[in-house]
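Observations on the model geometry
Listed here are the chains, written in short residue letters.
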Amino acid sequence: MFDGLSQKLSGILDSLTRRGALSEDDVNTALREVRRALLEADVALEVVRSFTDRVRSRAVGAEVVKSVTPGQMVVKIVHDELVAMLGSEAEVIDLNTAPPVAILMVGLQGSGKTTTTAKIAKRLTDKSKSKVLLASLDTRRPAAMEQLAVLGKQVGVDTLPIVAGQSAVQIAKRAHEAAKLGGYDVIMLDTAGRVTVDEALMTEVAEVKAATNPHEILLVADALTGQDAVNTARAFDDRLGVTGIVLTRMDGDARGGAALSMRAVTGKPVKLVGTGEKIDALEEFHPARVANRILGMGDIVSLVEKAAENIDHEKAQRMAEKMRKGKFDLEDLRDQLIQMERIGGIGGLMGMLPGVAKAKAQMANANIGENVLKRMAAAIDSMTPKERRNPEILKASRKKRIAAGSGTKVEEINKLLKMHRQMADVMKMMGRNKRGGIGGMLGN
Ligand code: GDP
Ligand code: MG
């Protein structure tokens, strides 16, 4: 899934070839792709806008280091800025106040509040040796209190006894008393959620906040919520002033855009990340990892570095132009073969592109190694210019002549022509997508 984004970012390389200071045009060209990548990663539109503005102001006029291209330079700035915006240091839960320290867990229904409450309780018990009391304030779903009690038992943490008919605020006060009496260090208050942010939910949570004076208010949010994450974060933060965010379901195929959106809108750190249903599936937040996930970069930075050294940018640009026009003859194929060989063969290049294992295996099956690339290029060299531009005129007698001239076999010429037809088809398709370059070609 991330391949698409990588392709787009590597596409930046093809369009930026000059050296020196980054011009506004350079940066804008690159940022168009970055903007698209961010939107695909589910970053909210308004955040995309402010983020690209920040990158623009940092990038325009930046001196391009000698050994890198402008495209690489922009990618690096985008990456660094993403990490900075996500928060460059890991944040921990703050227990630094007089016990019992109250931690209020808030968020929409199904975001993972109850599960995360138990996960954090276990972590605090194991790591900080804290004595933790859990209390469910979810009076809406009868099973919710039972769910927390079961989880508490599972992790060996006490839960407040369930008393029917009490309001959320009453339960919270009872929890506070019980914690003081029982010598608990921490009380974790698990609240009820709603499918969407609404006034009744906010009022209830605000009342609980007023009654318990929590030291941490953790907003639990599903990483898969994408664009909605901004509204959720803003609503909870405006009303309650959250102290941190826990992003759940980062084990799924969330692209991490929610992390950036929520962080950007609230300025509050993502403190922890949920990575599964199991009780110990809770991790610290690593901004650089999430930045990579948002950009879908795979190992694009090293791809960028290696490819840029070797690919002739002008040729790449001419190639992109041809693709757009749907033209791709044997002469172009030869150029591509030579480029592939220079960057360490198909294997070398493809190994660096994320998610191309399948294509790689296909190439291996078709027995296309570096030696084959050379032989193919040699065969094309033995053709006349007319033949290169019009492969369809290559009938048996011409093929025989070419094979003899290049030391190859007619069978190989046939394979070459087949490969060319397939590539031309792909290029036509890609041309329609207005993308070009070798990265795009191999990633497809
Ligand atoms: P609440 O309504 O906010 O209290 O949500 P729950 O804690 O009851 O969680 C709802 C569902 O999400 C449960 O099935 C959890 O097991 C699941 N869940 C919670 N956190 C994660 C996570 O990080 N990853 C995955 N895959 N599932 C999670
Ligand atoms: Mg719950």
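As the structure is a computational prediction, the values presented were derived from the model and not from experiment.

Structural notes on the environment of A62
Mapped onto the secondary structure, A62 falls in the loop between α3 (45-59) and α4 (70-86). The exposure class assigned to A62 is partly exposed, which follows from the 16 C-beta atoms found within 10 Å. Placed 40 residues apart in sequence, A62 and L22 show a C-alpha to C-alpha distance of 5.5 Å. Sequence-distant contacts of A62, defined by excluding residues within four places in its chain, comprise A21, L22, M73 and I77.

Observations concerning the site of ligand 1
By nearness alone, 18 residues border ligand 1, and G112, K113, T114, T115 and G274 come closest of all. Per-element accounting of the shell around ligand 1 gives the leading share, three residues, to helix α5 (residues 113-127).

Details of the UniProt feature "domain: SRP54-type proteins GTP-binding" (unreviewed entry) in the protein
The residues that UniProt annotates with the feature "domain: SRP54-type proteins GTP-binding" (unreviewed entry) are residues 269-282. Segment residues 269-282 splits into 0% helix and 43% strand. End C-alpha atoms: 16 Å apart.

Overview of unusual backbone geometry
In this structure, the amide linkage connecting P99 to the following residue, P100, adopts the cis form with an omega of 0 degrees. By the element assignment, P100 lies in the loop between α4 and β1 (101-106). If you check the backbone angles, D42 has positive phi at about 75 degrees while not being a glycine. Looking at the secondary structure, you find D42 in the loop between α2 (24-40) and α3. In this model, K129 sits at a positive phi of 55 degrees, which is unusual for a non-glycine residue. Looking at where K129 falls in the secondary structure, it is placed in the loop between α5 and β2 (132-136).

Conventions and cut-offs
Per chain, residue numbering runs from 1 following the sequence as it is written. The naming scheme follows written order: chains are lettered A onward, ligands numbered 1 onward. Thresholds applied to this predicted model are a pLDDT of at least 70 for local features of residues and 80 or more for the giving and counting of side-chain atom pairs; totals over whole chains, interfaces and linings are not thresholded and use all residues. Secondary structure elements are taken from DSSP: a helix is a run of H or I of four residues or more, a strand is a run of E of two residues or more, and numbering for both begins at the N terminus. Think of it as a crowd count around each C-beta: if 20 or more other C-beta atoms lie within 10 Å the residue is buried, if 12 or fewer it is exposed, and in between it is partly exposed, with C-beta placed from the backbone throughout. Note on contacts: residues are paired as contacts if their backbone-placed C-beta atoms lie within 7 Å. By convention here, the C-beta atom is placed from the backbone, and a residue is near a molecule or strand when that atom is within 6 Å of it. UniProt positions are given in the numbering used here, feature names are shortened, and annotations may be inferred rather than shown by experiment.

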